[in-house]
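Understanding the architecture of this molecule
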Amino acid sequence: MISIDLTGKTALVTGASGELGRVMARTLAQAGANLLLHSYRNPDRAASLAEELRGRGTRCMTVSADVGDLQSVLRMRDGIRASGFPMPDILVDNAVVQYDWKSVLEQPVEDYESQFRSCVLQNVHMAKAFLPDMIEKGWGRVIGTNTECAMQCFATQSAYAAGKRGMDGVMRVLAREVGPYGITVNQVAPGYTISDRDRANHTEVQPTDVRIPLRRRGTDQEVANAVLFLASDLASYITGAYLPVCGGNVMPTI
Ligand SMILES: NC(=O)c1ccc[n+]([C@@H]2O[C@H](COP(=O)([O-])OP(=O)(O)OC[C@H]3O[C@@H](n4cnc5c(N)ncnc54)[C@H](OP(=O)(O)O)[C@@H]3O)[C@@H](O)[C@H]2O)c1
C-alpha cells in the first residue's frame, strides 16, 4: 500500500488562519508533519487550530508576520529558531491580502501594490528567510497557492491576476535555482473553492458550476490533498509545476 508519511518533517503554512490554509495545515498534520501555523490579524484562529492539532498529537506552534514585509518575515524566522522548534522543511506560501475587485479604471493603485506584496514578495521573503536552512539539509518543498484566475484574466481581477502571474515568475525561476539542492518549488492553482465559509452560509453551489467540466466546485480538502502530494516524496521529481485544482476549469497548454 502506498502512503504519505511526513513524520520528522516540519511544515510552515502561511495564512493557516484562513479558509484554505487551515485545511492544508490539518492535512499535513494528519500525514505526521510538525506544524508552524502562521496568522497575521487573526492569531486567535491559529491558536484554536493549534489546540485542535495538539489534541490529535501534532507538535505545533503559532507564528505571525506580515508576509509583505521582509523584516517581519525575518523576525518570524528568528523567533522559530530561538524557540528550538524545528525549522521548516516544507513551506506553503498561501496567505493573501483580500480587497474589493474593481475594473482597472476604478481599482486603486494601492491594491496593485498590496497584491504585489502578498502574492509576489511573500514568496521572495519566505525564500530568503527559510531556503538557506533547506539548502543546508539538501531537502525541501516550497508550495505556493496560485489561482485559476491567473489564467482566466476576467474583468475586475487585474490586481489579483497581476500579483499571481508575477508570483508564477518567481516560483519558476526559484525552482531552477534551488533544484540542485534537492528542493522542489511548485504551485497549486485552486478554482473558486468550497470552504467552511460556504458550509456555514450554504453557498456551496454557484451558478457558474455548469461551466466547470466536473460540474461542481472543488473543496478545501481537494486543494489540501494536492498540497500534501507536492509535499511528499511521491512528488520527488516534480518541480516548476503549476497544478490547477479546479475541475478542469482552466487547462494550461503545454
Ligand atoms: N478560496 C478560494 O476559493 C481560492 C481560490 C483560488 C485561490 N485561492 C488562494 O488560496 C490562498 C488562500 O485563500 P483563502 O480563500 O483561504 O484566503 P482567506 O481565507 O482570506 O485567508 C487569507 C489568509 O492570509 C492571511 N493574510 C492576509 N494578509 C496578510 C499579510 N499581510 N501578512 C500575512 N498574512 C496575511 C490571513 O491572516 P489573518 O486572517 O490572520 O490576518 C489569512 O490567514 C490565497 O493565496 C488565495 O489567493 C483561494
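Below is a summary of the structure that appears in this document. Remember, predicted model here, so these are calculated numbers, not experimental data. (Residues numbered from 1 in each chain as written. Predicted model: local features only at pLDDT ≥ 70, side-chain atom pairs only at ≥ 80, totals over all residues.)

**A word on the site of the ligand**
As a matter of local geometry, the ligand sits amid 26 residues, with Gly-15, Gly-18, Ser-39, Arg-41 and Ala-95 nearest to it. The element best represented in the shell around the ligand is helix α1 (residues 19-30), accounting for 3 residues. (Near = placed C-beta within 6 Å. Helix = DSSP H or I, 4+ residues; strand = E, 2+ residues; numbered from the N terminus.)

**Observations regarding helix α6 (residues 158-178)**
Given a rise of 1.5 Å per residue, 21 residues ought to cover 30 Å, and the 30 Å separating the end C-alpha atoms of α6 matches this to within 8%. Burial in α6 covers these residues: Ala-159, Tyr-160, Gly-163, Lys-164, Met-167, Asp-168, Met-171 and Leu-174. Where α6 is buried, its residues touch α4 (109-137), β5 (140-145), α5 (149-152), β6 (183-190) and β7 (242-245). (Expected span 1.5 Å × (residues − 1). Buried ≥ 20, exposed ≤ 12 C-beta atoms within 10 Å, placed from the backbone. Contact = placed C-beta atoms within 7 Å.)

**Description of the environment of Ala-175**
Among the structural elements, Ala-175 can be located in helix α6. Taking the C-alpha atoms as reference, Ala-175 lies 7.5 Å from Asn-186; in sequence the two are 11 residues apart. Discounting residues that sit within four places of it in the chain, Ala-175 has contacts with Val-185, Thr-239 and Gly-240.

**Details of helix α2 (residues 43-55)**
When the terminal C-alpha atoms of α2 are compared, their 18 Å separation across 13 residues agrees well with the 18 Å that a helix rising 1.5 Å per residue should span. Ala-46, Leu-49, Ala-50 and Leu-53 are the residues of α2 that are buried. Relative to the axis of α2, the buried residues are bounded by an arc of 105° and lie together on one face. Structural note: α2 exposes Asp-44, Glu-51 and Gly-55 on the side pointing more than 90 degrees away from its buried face. Against α1, β2 (34-39) and β3 (60-64) lie the buried residues of α2. (Arc of directions from axis to C-beta.)

**Side note on the sheet that holds β6**
Whenever strands of a sheet pair, they do so through backbone hydrogen bonds, lying parallel or antiparallel. One open sheet accounts for 7 strands, arranged β3-β2-β1-β4-β5-β6-β7; its pairing is parallel. The sheet is open, and its two borders are formed by β3 and β7, each paired with just one other strand. The mean angle between the axes of side-by-side strands here comes to 20°, regardless of whether they run parallel or antiparallel. Relative to β3, β2 is paired through 5 bridges, and the arrangement is parallel. Bridged to Ser-39 within β3 is Ser-64. (Pairing = 2+ DSSP bridges. Axes fitted to C-alpha atoms, helices over the stretch in contact; angles between N-to-C directions.)

Honestly, it's all geometry; don't read function into it.
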